[in-house]
Structures are given as C-alpha cells and as structure tokens.
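Residue-level listing of the chains:
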Amino acid sequence: QVQLVESGGGLVQIGDSLRLSCIVSGRTFSSTAMGWFRQAPGKERTFVASIRRDGADTRYSESVKGRFTISRDNAKNTVYLQMNSLTPEDTAIYFCAAGPSMLAIKFGNSDSWGQGTQVTVSS
C-alpha cells in the first residue's frame, strides 16, 4: 500500500521560512517522480513544484520560482519543499504527490497523494 505522509507545516510570519517533508512508503521511491501542490481556502489545488526521479531536474510554478526549492533524498524516501520569503498568499494546505514523471506531475497526472499539511502565513 502506497503512503505519502507530509509534515513540517505550521503558522509563520511574513518573510519566514519553512521546510516541508514527505515520506513515501510502499513503492520504489527512486523510480518515482515527486511533486508538491497546494490548495488555498476556496480555491482549486494548484501545482507548486516537481522533481525528477534522480533529483537532477525540477519544475516550479511562476508564483514560487526563486523562493521555493524542491529536493529529495532517495536514501530516506523523502521529498522536501524549502519555502523562503513566505507571504500570506502562500497560505494553503500543501500536498505531496507521486507520479510517472516530473512533467506528468506538473500537468496533472499524479497517481498518489498525501493527506496534506497546513501552512499559514500571518500578516
């Protein structure tokens, strides 16, 4: 059974940083592309970032490019999202996703999801 478990969310101030983690079990992590999505209150879930199986390439949404960094540790079955310079517009539930490729995830083709972790940026 595939499981994706996110952690690291919380309440922070404008300009703060957070690092989210997602631990994957039940599948060969090194053969799986990974990504992060977010869903703000009253809005649809949107793509944030994705990373290739070997970690050598990444994609980002325009709204987080230059502030967020996705990375992975295949030895720990974990993908990370380092979030810097947070603003209230980053407030959302953040979801970890797994899929066949980095680009497939970016364009909506994820096959497994975590339960989400709340990030709130207070003004």
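This text gives an overview of the structure that appears in the document. (Residues numbered from 1 in each chain as written. Predicted model: local features only at pLDDT ≥ 70, side-chain atom pairs only at ≥ 80, totals over all residues. Heavy atoms only, no water.)

## Side note on the nonpolar core
Here is step 1: Met 34, Trp 36, Val 79, Leu 81, Met 83 and Tyr 94 are the most contacted members of the largest nonpolar core, which totals 26 residues.
Here is step 2: Leave out the neighbours within four places in its chain, and Tyr 94 touches Glu 6, Leu 20, Trp 36, Phe 37, Arg 38, Val 48, Phe 68, Leu 81, Met 83, Gly 116, Thr 117 and Val 119.
Here is step 3: The next biggest cluster of nonpolar side chains, apart from the first, holds five residues, and it includes Ala 33, Phe 37, Phe 47 and Ile 105. (Core = buried A, V, L, I, M, F, W, Y, C linked by side-chain atoms within 4.5 Å. Buried < 20%, exposed > 50% of the residue type's maximum accessible area, 1.4 Å probe, protein only. Contact = heavy atoms within 4.5 Å.)

## Quick look at the side chain of Ser 21
Here is step 1: With respect to the element layout, Ser 21 can be found in strand β3 (residues 18-25).
Here is step 2: Judged by its relative accessible area of 15%, Ser 21 is buried.
Here is step 3: When sequence neighbours within four positions are dropped, the list of residues in contact with Ser 21 reads Val 5, Glu 6, Ser 7, Trp 36, Thr 78, Val 79 and Tyr 80. (Helix = DSSP H or I, 4+ residues; strand = E, 2+ residues; numbered from the N terminus.)

## Overview of the state of the cysteines
Here is step 1: Tallied over the entire structure, the rule returns one disulfide.
Here is step 2: A sulfur-sulfur distance of 2.1 Å marks the disulfide that ties Cys 22 to Cys 96. As the torsion about the S-S bond is roughly -80 degrees, the Cys 22-Cys 96 disulfide counts as left-handed. Linking Cys 22 in strand β3 with Cys 96 in strand β9 (residues 92-99), this pair joins segments that are 74 residues apart in sequence. Taken as a pair, Cys 22 and Cys 96 share a single burial class, namely buried. (Disulfide = S-S within 2.5 Å.)

## A word on the side chain of Asp 90
Here is step 1: Within the element layout of this structure, Asp 90 appears in the loop between β8 (78-83) and β9.
Here is step 2: At 2.9 Å, the side chain of Asp 90 and the side chain of Arg 38 are in polar contact.
Here is step 3: If sequence neighbours within four positions are ignored, Asp 90 has contacts with Arg 38, Arg 67, Phe 68, Ser 85, Val 119 and Val 121. (Polar contact = N/O pair within 3.5 Å; in protein donor to acceptor, adjacent residues only side chain to side chain.)

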